[in-house]
Amino acid sequence: MGFIAKNLDWLKDTIINRHLGQWAFYLNRLTGVIIALYLILHIYINSLALLFSGDTYTRILHSFETPLLKIFEVMLITAVAFHAYNGVRILLVDFCKMSRKQNVLLVFVFLFTIVTFIAVLILYWPVIAGTETDPALVNKL
Amino acid sequence: MEVQREKGLRLWFWQRITAIILIFGIALHFAVTHFLGEVLSFDLVNERLQHLLWIVFDFILLIAALIHGFGGLWSIYLDYNPQGTVRRFWGWVAVFFVLILTVYGMLSLIALSPK
């Protein structure tokens, strides 16, 4: 099946199958692809000490402490959180005979994801709001 | 194990094994690298990596993440029913990326851990 035909097929599924599980499937794919691509970037950033020096590594990591990149980080952690919680649901369904409970589990997945999003947002709020006053950081910047 | 004998189930099996490693591993990874409120620096990472256990932990996390990530991309690709040479080609590309990034990641860990 071709690329376009396959995606049209998925679209049809979503319109016909108005089930929360269909959205869980899409979100799991979407977050999975985003995380996999980020993983490559993550490995590259952590190789800066290998490619250049420890100082370069520190300098570039510090340059990431901006409101915009913190918002990006909050979104990324939320994506990882959803993928992980949904992964726990899949493991429970596959290995713990909980397929009859998968709908309830899915509600918990969404709830935990929202709670995680709010918690991380609160944790990173000082940097996002631009009120970060850590003197060590200000000096290094 | 029974599932090991069925080739199509091998990917399913390893996605779940790596998922279990990643659920616990990434929770700990986030806790020590993102949620302590410290700004990451070479010195901070270097101090943590003085302990061999952290290097082993990071390396296991790296391999699990690479297998799970590329295994996931591969399973999406399989949804489009690729056949023959094209399928084998992209399969080897995925294996190549996992191997190269594993070695590259390990070298990066070593570069971050001198005394």
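Just so you know, these numbers come straight off a predicted model, no measurement behind them. (Residues numbered from 1 in each chain as written. Chains lettered and ligands numbered in written order. Predicted model: local features only at pLDDT ≥ 70, side-chain atom pairs only at ≥ 80, totals over all residues. Heavy atoms only, no water.)

(A) Up close: the overall build of chain A. In terms of helices and strands, chain A carries 7 helices and 0 strands. Against the 2.2 N^0.38 benchmark of 14 Å for 141 residues, chain A shows a C-alpha radius of gyration of 20 Å, more extended than a compact globule. For chain A, the spread of C-alpha atoms along the principal axes amounts to about 55 × 35 × 30 Å. Contacts spanning at least 24 positions in sequence make up 62% of the contacts within chain A whose residues lie at least 6 apart. In the form shown here, chain A has an accessible surface area of approximately 8800 Å², with 72% of it arising from carbon and sulfur atoms. Across chain A, 11 positive and 8 negative side-chain charges occur, with their mean positions spaced 15 Å apart. (Helix = DSSP H or I, 4+ residues; strand = E, 2+ residues; numbered from the N terminus. Rg over C-alpha atoms; globule rule 2.2 N^0.38 Å. Contact = heavy atoms within 4.5 Å. Areas by Shrake-Rupley, 256 points an atom, 1.4 Å probe, with all protein chains shown as cover. Lys, Arg positive; Asp, Glu negative; His and termini not counted. Charge placed at Lys NZ, Arg CZ, Asp CG, Glu CD.)

(B) View of the nonpolar core. In this structure, A:Leu39, A:Ile43, B:Leu22, B:Leu66, B:Phe70 and B:Leu101 are the most contacted members of the largest nonpolar core, which totals 13 residues. Sorting the residues of this core by element identifies α2 (20-45) of chain A together with α4 (52-78) and α5 (84-111) of chain B as the ones contributing at least two each. Setting aside chain neighbours within four positions, we find A:Ile43 in contact with B:Leu62, B:Leu66, B:Leu101 and B:Tyr104. Counting 11 residues, the second largest nonpolar core, distinct from the first, contains A:Ile45, A:Leu61, B:Val45 and B:Leu109. (Core = buried A, V, L, I, M, F, W, Y, C linked by side-chain atoms within 4.5 Å. Buried < 20%, exposed > 50% of the residue type's maximum accessible area, 1.4 Å probe, protein only.)

(C) Expanded view of the pattern of salt bridges. For the structure on display, the rule yields 5 salt bridges over all chains. Beyond isolated ion pairs, a larger network of salt bridges with shared partners links A:Glu65, A:Lys70 and A:Glu73. (Salt bridge = Lys/Arg side-chain N within 4 Å of Asp/Glu carboxyl O.)

(D) Quick look at the packing of aromatic side chains. Under the counting rule described, the total for this entry stands at 13 aromatic pairs over all chains. Ring geometry for A:Tyr57 and B:Phe42: centres 6.4 Å apart, planes at 85 degrees, overall edge-to-face. Of this pair, A:Tyr57 sits in helix α4 (residues 54-63) while B:Phe42 sits in helix α3 (residues 42-48), placing the two residues on different chains. Residue classification places A:Tyr57 among the buried residues on the basis of a relative accessible area of 2%. Its relative accessible area of 16% is what places B:Phe42 among the buried residues. Put simply, the rings of A:Trp23, A:Phe25 and A:Tyr26 pair up and form one aromatic cluster. Above the plane of the ring of A:Tyr124 lies A:Lys70, whose end atom (NZ or CZ) is 4.2 Å from the centre. (Phe/Tyr/Trp six-rings, centres within 6.5 Å; stacked < 30°, edge-to-face > 60°. Lys NZ or Arg CZ within 6 Å of the ring centre and 35° of its normal.)

(E) Region of the structure containing the interface of chain A and chain B. If you look at the interface, chain A gives 39 residues, while chain B gives 32 residues. Interface area for chain A against chain B, summed over the two sides, is near 3000 Å², with a carbon-plus-sulfur share of 74%. Its salt-bridge partner being A:Asp94, residue B:Arg16 comes within 2.5 Å of it at the nearest N-O pair. Summed over the shared surface of chain A and chain B, the result is 6 residue pairs in polar contact (both at pLDDT 80 or more). Mapped onto the side of chain A that touches chain B, the elements with two or more residues apiece are α1 (3-16), α2, α3 (48-51), α4, α5 (67-95) and α6 (102-128) of chain A. No other element matches α5(A), which puts 10 residues into the side of chain A that touches chain B. Along the lines of polarity and charge, the residues of the side of chain A that touches chain B split into 25 nonpolar, 9 polar and 5 charged. (Buried area = accessible area lost by both parts, 1.4 Å probe. Polar contact = N/O pair within 3.5 Å; in protein donor to acceptor, adjacent residues only side chain to side chain. Nonpolar A, V, L, I, M, F, W, Y, C, P; charged D, E, K, R; others polar.)

(F) Spatial organisation of the packing of α1(A) against α2(A). All names here are of chain A. Where α1 contacts α2, the axes come no closer than 10 Å and their chain directions differ by 145 degrees. Seen from α1, the contacting residues are Trp10, Leu11, Asp13 and Thr14; seen from α2, they are Gln22, Trp23, Phe25, Tyr26 and Arg29. Tallied by class, residues from the contact of α1 with α2 come to 5 nonpolar, 2 polar and 2 charged. (Axes fitted to C-alpha atoms, helices over the stretch in contact; angles between N-to-C directions.)

(G) Seen up close, the layout of surface pockets. All names here are of chain B. In this model, the second largest pocket occupies a volume close to 820 Å³. For the lining of the second largest pocket, the elements supplying multiple residues, two or more each, are α2 (7-33), α4 and α5. Counting residues per element, the lining of the second largest pocket draws most heavily on α5, at 9 residues. (1 Å grid on protein atoms, 1.4 Å probe; cavity = no way out; pocket = protein on both sides within 12 Å on 5 of 7 lines; lining within 4 Å. Points joined across faces, edges and corners; volume = space filled by probe spheres on them.)

(H) Focus on the side chain of B:His68. Turning to its location among the elements, B:His68 is positioned in helix α4. You can call B:His68 buried: its relative accessible area is 17%. Within the local environment of B:His68, its side chain forms a polar contact with the backbone oxygen of B:Gln15, the two atoms lying 3.2 Å apart. A polar side-chain atom of B:His68 sits 3.1 Å from a polar atom in the side chain of B:Thr18. Excluding residues that lie within four positions of it along the chain, B:His68 makes contacts with A:His83, B:Gln15, B:Thr18, B:Ala19 and B:Leu22.

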